[in-house]
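Remarks on the overall topology
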Amino acid sequence: ATSRVEIASIAAGGDGVGRTAGMVVFVPRTAPGDVAQVALRGKKRFARGTLVALEHASPQRVAPPCEHYVVDRCGGCQLQHLAYDAQLLAKGAIIADSVGRIGRREIAAPVVVPSDAQWRYRRKLTLHLRHTGEGFIAGLHPYDDAAAVFDLRDCPITDTGVMAVWAELRTAFDLLPRVRALRVSVQLVPDGASVVVSGGTTWGFSDRFFAAVPSVTELWWKPEDERPRHVASRRGATQAGASFAQVNARVAARLHEHVLQVARSMDPRRVVDAYAGTGATAIPLAEEGRMVTAIEWDHDAVARLRERLPAPSSAIAGRVEEHLDRVLPADVVLLNPPRTGVDARVTDLLQGTSPRPKRVIYVSCDPATLARDLARLPGYRIESIRAYDMFPQTAHVETVCELAPEAS
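The rules we used
- Residue positions within a chain follow its written sequence, with the count starting from 1.
- For this predicted model, a pLDDT threshold of at least 70 governs which residues receive local features, and a threshold of 80 or more governs which side-chain atom pairs are given and counted, while totals over whole chains, interfaces and linings are taken from all residues.
- Side-chain figures throughout are based on the complete set of non-hydrogen atoms in the structure, without hydrogens or water.
- With a 1.4 Å probe rolled over the protein chains alone, any residue whose accessible area is under 20% of its type maximum counts as buried; one over 50% counts as exposed, and the rest are partly exposed.
- Each helix is a run of DSSP H or I of at least 4 residues and each strand a run of E of at least 2, with the numbering of both proceeding from the N terminus.
- Crossovers are marked right-handed if the path from the first strand over the helix to the second runs clockwise, as seen with the strands pointing away from the viewer.
- Only strands that DSSP links by at least two bridges are regarded as paired with each other.
- Pairing of aromatic rings covers Phe, Tyr and the six-membered ring of Trp, with a centre-to-centre limit of 6.5 Å; geometry is then stacked below 30 degrees between planes, edge-to-face above 60, and tilted otherwise.
- Lysine and arginine charges are scored as sitting over a ring when NZ or CZ, respectively, is within 6 Å of the ring centre and within 35 degrees of the ring normal.
- In this description, a line fitted to the C-alpha atoms serves as the axis of each element, helices being fitted only across the stretch in contact, and the angle between N-to-C directions of two axes falls anywhere from 0 to 180 degrees.

**Focus: the pairing of strand β13 (residues 270-274)**
The element β13 is largely enclosed, with a buried count of four among its five residues. Taking the sense of rotation as the criterion, the β-α-β connection linking β13, helix α6 (residues 282-287) and strand β14 (residues 291-296) turns out right-handed. The pairing of β13 with strand β16 (residues 332-335) spans four bridges and is classified as parallel. Its bridge partner lying in β16, V271 is registered against V332.

Here you go:
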């Protein structure tokens with residue numbers, strides 16, 4: 001049986017949201033303004049729906065150009081069926097909804113700074129490999145089947161240089177570790193491409209594999225349950241920090257400039273850069289004579305950061321929640337955590353420290369965990385909030401939230 005559902009908005013994961021018979025319904029691949037017949041499955045208050053037929057197509061709809069999005073139901077993108085302006089509006093609304101509902105702060109939907117490239121912007125692509133008996137196929141999961149993998153021929157949000165490396169890798173698949181499933185990522189780096197093969201416990205043909213893929217300048221292998229191992233490189237180059245390189249470099253540069261501008265506007269003497277990566281923010285601030293303490297759990301990144309960080313600034317290898325208390329107070333604290341947000345100990349320390357920082361600058365890649373962390377920081381008000389469309393065609397959005405202490 002199907003129900004008639006009018007789609008009102010886009011939810012955090014990219015599904016359209018509507019109501020029918022007092023139930024909230026989440027329907028993938030729908031647009032605000034769609035009126036659709038939807039097959040429902042679910043509980044009393046929430047249901048997941050599958051689009052069966054469109055009665056009325058929203059004016060925000062466009063034809064998705066990627067055949068995998070349509071034919072294979074590729075889960076890599078969620079919003080290809082939305083016009084780009086509508087994608088930006090949806091992302092701003094997702095942030096405002098999360099901050100209001102979870103963070104208990106009323107804000108207007110922030111402006112989402114667009115990406116100058118809506119396609120071919122990704123400089124990194126990770127694919128799942130499955131052995132079919134005939135050999136490996138490499139692709140992504142359908143959005144409605146996390147166990148399946150379809151064979152991906154092209155990804156139109158990914159740089160053609162990355163796709164060319166993938167075409168080369170396909171010719172050497174029989175030299176990969178002999179297991180049922182692998183993950184392989186290709187990332188463009190200044191002198192070529194870095195490849196990380198994840199999975200397997202033995203790999204006897206790694207040298208032959210590297211020889212067979214001449215455009216790969218760096219090869220890493222992460223065996224099952226172990227740290228990555230450096231297998232080979234050409235011209236002595238090593239891009240161990242490739243994991244910190246930005247997928248959409250031009251949007252990342254704009255976001256980074258905004259973060260630096262907000263930090264400098266406080267003219268801080270002491271700065272804490274938490275989740276510092278390889279120091280893209282810590283180093284320029286330290287070179288201006290500010291005392292920066294960078295905290296980062298990746299020991300390789302910290303080793304490279306220490307080489308470039310001028311005294312008296314310093315870098316700590318470890319978890320932010322275990323070291324933040326001894327580097328406070330500070331004038332500015334930068335937070336750039338992974339998708340999971342910050343540990344509750346971090347928000348407790350920022351809430352309890354005296355004097356509080358003049359600014360906490362929180363860079364988030366997940367509005368829900370940003371909102372949860374804002375709810376844990378009642379001693380700070382949102383001074384400004386700006387979003388950046390790092391990943392067009394997907395539901396992901398980056399947010400920079402500037403927090404100032406409430407007058408006590």
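**Let's talk about the packing of aromatic side chains**
For the structure shown, the criterion picks out five aromatic pairs. Aromatic side chains F26 and F46 sit 6.2 Å apart centroid to centroid with 25° between the ring planes, which places their arrangement in the stacked category. With F26 in strand β3 (residues 23-27) and F46 in strand β5 (residues 46-56), the pair connects residues that are 20 residues apart, well separated along the chain. With 6.5 Å between their ring centres and 80° between their planes, W166 and F173 make a pair best called edge-to-face. Feature note: the residues F136, W166 and F173 constitute an aromatic cluster, connected by ring pairs. A cation over a ring is seen here: R29 above Y69, with NZ or CZ 3.6 Å from the ring centre.

**Here we look at the sheet that holds strand β1 (residues 2-10)**
Think of a sheet as strands paired side by side through backbone hydrogen bonds, with each pair either parallel or antiparallel. Strand order in the closed barrel made by the five strands is β1-β2-β3-β5-β4, with mixed pairing throughout. Mean inter-strand twist for the sheet, computed between neighbouring axes without regard to direction, equals 50°. As defined by bridge partners, β1 adjoins strand β2 (residues 16-20) across four bridges and the pair is classed as antiparallel. Within β2, the position partnered with I7 by the bridge is G18.

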